[in-house]
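Residues per chain, in single letters:
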2 protein chains.
Amino acid sequence: MSQPVDRFEVRLAGSGGQGLILAGLILAEAVAIFDDRNATQTQSYGPEARGGASRSEIVISDGEIHYPKVISADVLLAMSQEACDKYFYGLKPDGLLVVDSGLIERVPSSRAVEAPITRIAQETTGRAISANIVALGLIGGLTGVVSRQALQRAVTARVPEGTVDMNLKAMVAGWEKALEIIERGGVGPD
Amino acid sequence: MSQPVDRFEVRLAGSGGQGLILAGLILAEAVAIFDDRNATQTQSYGPEARGGASRSEIVISDGEIHYPKVISADVLLAMSQEACDKYFYGLKPDGLLVVDSGLIERVPSSRAVEAPITRIAQETTGRAISANIVALGLIGGLTGVVSRQALQRAVTARVPEGTVDMNLKAMVAGWEKALEIIERGGVGPD
């Protein structure tokens, strides 16, 4: 993604406790502070937040961002079945759906990228909680919306003290997985 | 603020590293998850973020929130002179300006609440970094936009492990300061 970006919308959706808000912050800071674009990152809390759902929306542009919420997503990361079902129809027709195949049974598209995100986190770092950062690496590698270096710097700047190495490993594991998927020619079950 | 809220806009502005993004998350989660209203919380990153400025915007409503950014703030917290100068004109005419009097020399309004937020943090917890949570307590106590209990629960849920007690102390110190200011009849230098 070295060409100018007019407006690129990412939605991360799943359950509370999966760290998707932190992931959204990191992605926005990576592209804006380290990759020199503009970005906004928004959380909206309504009744569904009280039910345990969580989502973060990131808008990336080289120009000014007039409306900071997702209108029609270029990328949807779904980390729960509920999130997948709810937000799939908010994805652009040619948008990228990325799902955690260990958490989601019914994938509404045959063109989705299905990767066992939480399992990769568990196997790479010993901690399932780093799945959010695996997902960021995966999205970065698949889309090129953020440079690998910027994402590394933003992860380093934002994750809790003492967890930087673990989270960088998680990020690299996600990025490598993306390259493997691209090499294989793409989408569908892992 | 027990009557219905149509739209209440809060802007927290200062420098990177002051924890204003975390503070914004906590305020939004307090009102939405624990006080049962709706809320959005947005960060926007542009050239000023690369210069070290930081801001978080929270919109609170009992109805649907169609536009998640601040249009005309009801409350501005300014934690740097630059932020104060830049965002003062985005405050409603009867809006509340809260400044850290230890960090800001030129206050553009005689009706501002000036409190030594970072000094209170340092004196209460021994750590200036808890100034963001002192500020939340102060805003909560001054405006009633969030209940004390909801803010306590949101602080507890969101701050890093091992810092809950420190941050609850900081929050209470800010809240007590607000009550003292109200009792004194208000605004102006501390």
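Residues numbered from 1 in each chain as written. Chains lettered and ligands numbered in written order. Predicted model: local features only at pLDDT ≥ 70, side-chain atom pairs only at ≥ 80, totals over all residues.

A. Examining the overall build of chain A more closely. Across its full length, chain A holds seven helices and six strands. Secondary structure elements of chain A, listed N to C terminal, follow the sequence β-α-β-α-β-β-α-β-β-α-α-α-α. Expected size for 190 residues packed as a compact globule is a radius of gyration near 16 Å; at 15 Å, chain A falls within 12% of this value. Expressed along its principal axes, the backbone C-alpha trace of chain A runs to roughly 40 × 40 × 35 Å. For chain A, the proportion of its 190 residues judged to be buried stands at 51%. At a minimum sequence separation of 6, the contacts of chain A that also span at least 24 residues come to 64%. (Helix = DSSP H or I, 4+ residues; strand = E, 2+ residues; numbered from the N terminus. Rg over C-alpha atoms; globule rule 2.2 N^0.38 Å. Buried ≥ 20, exposed ≤ 12 C-beta atoms within 10 Å, placed from the backbone. Contact = placed C-beta atoms within 7 Å.)

B. Spatial organisation of the packing of helix α5 (residues 131-143) of chain B against helix α7 (residues 164-183) of chain B. All names here are of chain B. Running from N to C, α5 and α7 point in directions that differ by 40°, and their axes come no closer than 7 Å. Here α7 runs oblique to α5, going by the angle between their axes. Considering only the axes of α5 and α7, their crossing is right-handed. Touching Ile-133, Val-134, Ala-135, Leu-136, Gly-137, Leu-138, Gly-140, Gly-141 and Leu-142 of α5 are Asn-167, Ala-170, Met-171, Val-172, Ala-173, Gly-174, Trp-175, Lys-177, Ala-178, Leu-179, Ile-181 and Ile-182, all from α7. Of the residues that constitute the contact of α5 with α7, the class distribution is 15 nonpolar, five polar and one charged. (Axes fitted to C-alpha atoms, helices over the stretch in contact; angles between N-to-C directions. Parallel < 35°, antiparallel > 145°, perpendicular 65-115°, else oblique. Left-handed = near helix turned anticlockwise from the far one by under 90°. Nonpolar A, V, L, I, M, F, W, Y, C, P; charged D, E, K, R; others polar.)

C. Quick peek at unusual backbone geometry. Residues and elements named next belong to chain A. In the Ramachandran plot, Asp-36 falls in the positive-phi region, its phi being about 70° despite a non-glycine side chain. By secondary structure assignment, the location of Asp-36 is in the loop between α1 (20-34) and β2 (38-45). Taking the C-beta count within 10 Å as the criterion, Asp-36 has 12 such neighbours and is therefore assigned exposed.

D. Molecular detail of the interface of chain A and chain B. On the side of chain B, 21 residues touch chain A, which itself brings 21 residues to the contact. Of all the secondary-structure elements, those providing two or more residues to the side of chain A that touches chain B are α1, β2 and α2 (47-50) of chain A. Counting residues per element, the side of chain A that touches chain B draws most heavily on β2 of chain A, at eight residues. In the side of chain A that touches chain B, the residues fall into eleven nonpolar, seven polar and three charged.

E. Quick look at the pairing of strand β4 (residues 73-78) of chain A. Residues and elements named next belong to chain A. Summarising burial for β4: six of the six residues are buried, a large majority. With four bridges connecting them, strand β1 (residues 8-15) and β4 associate as parallel partners. Along β4, the bridge assignment pairs Ala-13 with Ala-78. Direction of pairing for β4 relative to strand β5 (residues 91-100): parallel, over a ladder of five bridges. Looking at the pairing, Leu-76 lines up with Leu-97 of β5. In this fold, the crossover linking β4 to β5 by way of helix α3 (residues 81-87) has right-handed handedness. (Pairing = 2+ DSSP bridges. Right-handed = clockwise from strand over helix to strand, strands pointing away.)

F. Up close: the relation of the copies chain A and chain B. Mapping chain A onto chain B is achieved by rotating through 180° and translating by 0.0 Å along the same axis, at an RMSD of 0.0 Å. One copy is carried onto the other by what is essentially a two-fold rotation axis. Identified as the residue of chain A closest to the rotation axis by C-alpha distance is Thr-42 of chain A, at 2.1 Å. Both copies contact each other with a shared surface, as 100% of the interface residues of chain A are interface residues in chain B too. (Least-squares fit on C-alpha atoms with pLDDT ≥ 70 in both.)

G. Local environment of α5 of chain B. The end-to-end C-alpha distance of α5 of chain B, which contains 13 residues, comes to 18 Å, matching closely the 18 Å that a straight helix rising 1.5 Å per residue would cover. What α5 of chain B keeps buried is the set Ala-131, Asn-132, Ile-133, Val-134, Ala-135, Leu-136, Gly-137, Leu-138, Ile-139, Gly-140, Gly-141 and Leu-142 of chain B. (Expected span 1.5 Å × (residues − 1).)

H. Representation of the environment of Ala-32 of chain B. You can see Ala-32 of chain B is positioned in helix α1 (residues 20-34). Since 27 C-beta atoms lie within 10 Å of it, Ala-32 of chain B is described here as buried. Measuring from C-alpha to C-alpha, the distance between Ala-32 of chain B and Val-146 of chain B comes to 9.4 Å, with 114 residues separating the pair along the chain. Setting aside its immediate chain neighbours within four residues, Ala-32 of chain B contacts Tyr-45, Gly-46 and Ala-49 of chain A together with Arg-37, Asn-38 and Ala-39 of chain B.

I. Focus on the packing of α1 of chain A against helix α5 (residues 131-143) of chain A. All names here are of chain A. Interhelical geometry of α1 versus α5 gives an angle of 35° and a closest axis separation of 9 Å. For α1 against α5, the interelement crossing comes out right-handed. Every residue of α5 that contacts α1 at Leu-20, Leu-22, Ala-23, Ile-26 and Leu-27 is listed here: Asn-132, Ile-133, Ala-135 and Leu-136.

J. View of the sheet that holds β4 of chain A. With mixed pairing, twelve strands are arranged side by side in an open sheet as β6(A)-β5(A)-β4(A)-β1(A)-β3(A)-β2(A)-β2(B)-β3(B)-β1(B)-β4(B)-β5(B)-β6(B). Two strands close off the open sheet at either side, each with one partner strand: β6 (113-115) of chain A together with β6 (113-115) of chain B. In this sheet, neighbouring strand axes are inclined to one another by 15° on average, regardless of whether the strands run parallel or antiparallel. Of the pairings in the sheet, the one linking β5 of chain A to β6 of chain A comprises three bridges and is parallel in character. When the sheet's bridge partners are listed, Val-98 of chain A is paired in β6 of chain A with Val-113 of chain A. Packing of α1 of chain A onto the sheet brings it into contact with β1, β2 and β3 (53-61) of chain A together with β2 (38-45) of chain B, and relative to β3 of chain A it is tilted by some 10°.

Functional significance is not addressed by these values, which are geometric in nature.
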